[in-house]
Amino acid sequence: MSFLQAIQPDKVPAHVAVIMDGNGRWAQARNLARAQGHLEGVKTVRRITEAACRIGVRYLTLYAFSTENWGRPQEEISSLMGLLVSCLQNEMPLFMQNGIRLRVIGNTGDFSPEVQQAMRQALDQTAANNRMDLVLALSYSSRWEITEAMKDLALRVKNGSLSPEAIDAGKINESLKTAFMPDPDLLIRTSGEHRISNFLLWQIAYSELFFSPVLWPDFTEEMFYEAIADFQGRERRFGRIADTTLNSEKA
Ligand code: FPP
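Residues numbered from 1 in each chain as written. Predicted model: local features only at pLDDT ≥ 70, side-chain atom pairs only at ≥ 80, totals over all residues. Heavy atoms only, no water.

Digging into the overall build of the protein
Here is the rule: Numbering of helices and strands starts at the N terminus; helices are DSSP runs of H or I of at least 4 residues and strands are runs of E of at least 2. Atoms considered for the radius of gyration are the C-alpha atoms alone. The globule rule reads 2.2 Å times the number of residues to the power 0.38. Relative accessible area decides the class of each residue, using a 1.4 Å probe on protein chains only: under 20% of the type maximum gives buried, over 50% gives exposed, and in between gives partly exposed. Contact between two residues is taken to exist if any of their heavy atoms lie within 4.5 Å; hydrogens are not considered. Working definition of accessibility: Shrake-Rupley area with a 1.4 Å probe, residue cover restricted to the visible protein chains.
In terms of regular secondary structure, the protein is built from ten helices and six strands. Radius of gyration (C-alpha) of the protein: 19 Å, near the 18 Å computed for a compact globule of 251 residues. Principal-axis analysis of the C-alpha atoms places the extent of the protein at approximately 65 × 60 × 35 Å. Counting across all 251 residues of the protein, residues that qualify as buried make up 45%. Taking all contacts inside the protein whose residues are at least 6 apart in sequence as the whole, residues at least 24 apart take part in 77%. Element-wise, carbon and sulfur atoms account for 51% of the exposed surface of the protein, whose accessible area totals about 12800 Å².

Here you go:
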């Protein structure tokens, strides 16, 4: 039986977040430029976006460019920017046919006017789609996002519209760039690294984690479905105890 067939439709995670890792090593193993790895990685973005949409994932968040990625060689940054712009344009039929709304979280002001314009256009064009939100984390890092949220709350306290006592987890959630969506149910990282790398640190408090040894360009739909099926087999307790334990204690 394939993993797709094993998926229980009523238990599909609403929000899946992905750290797409391993493009560089994929290219290196083939004596290719790192840019070739990213190019191949875009094909996986397409595959996994379609797969997520197919099974009914409501939010798919992809870590596409971190704040720290600005420290890579200029040549690699330029090729990633070029890929981003062409991807936003070339994948528009995929977004429209599948009812995909594009969203961006991150410090978008860091990007060149050309990249910002391509983003704005793609965001506007897909704004009415409502089957799945494809959320690209671009120039994103969790510590940056949390810092921005803290500044926002501090300003509201300073101008008197918020009392310090009223600050709670809900207020912090509302101040994050991810305020429009629920926390990830499942976080997937490819390439065999077991790290979170400054991604959605606040939001993954109770997310299930799935680490795949496969490099992102080699990551298939079936591997994605495997992660979903694995997630569905887990017991999520959110810090509480199992229902069965409660029931047997009551009995
Ligand atoms: C990690 O691989 C991947 C990235 C830094 C960028 C991810 C980008 C893409 C998949 C393509 C562009 C995306 C979109 C949405 C258009 P790495 O370079 O860190 O790999 P390594 O760890 O093997 O060096």
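Anyway, onward from the coordinates.
Re unusual backbone geometry
Phi angles above zero are rare outside glycine, and serine 139 is one such case at about 50 degrees. Within the secondary structure, serine 139 is located in strand 4 (residues 132-140). At serine 191, a position not held by glycine, the phi torsion is positive, near 85 degrees.

Considerations on the nonpolar core
Stated formally: We define the nonpolar core as a collection of buried residues of types Ala, Val, Leu, Ile, Met, Phe, Trp, Tyr and Cys that are connected through side-chain atoms lying within 4.5 Å of one another.
Residues Val16, Ile188 and Phe224 are the most contacted members of the largest nonpolar core, which totals 46 residues. Every residue in contact with valine 16, bar those within four places of it in the chain, is listed here: Val57, Tyr59, Leu60, Thr61, Leu186, Ile188, Phe224 and Ile228. Tyr140, Trp144, Ile196 and Phe199 belong to the second-largest nonpolar core, a separate cluster that totals 15 residues.

Details of the site of the ligand
Rules: A molecule or strand has a residue near it when one of that residue's heavy atoms lies within 4 Å. Throughout this description, a polar contact denotes any pair of N or O atoms lying within 3.5 Å of each other; where both atoms belong to protein, one of them has to be capable of donating a hydrogen while the other can accept it, and for residues adjacent in sequence the pair is counted only when both atoms sit in side chains.
Near the ligand you find 18 residues, and of these Asp21, Gly24, Arg25, Arg34 and Arg72 are the closest. A distance of 3.4 Å separates an oxygen atom of the ligand from a polar backbone atom of glycine 22. In the model, an oxygen atom of the ligand is placed 3.2 Å from a nitrogen or oxygen of the asparagine 23 main chain. Here the ligand has 620 Å² of accessible area as a free molecule, and 91% of this is covered by the chains.

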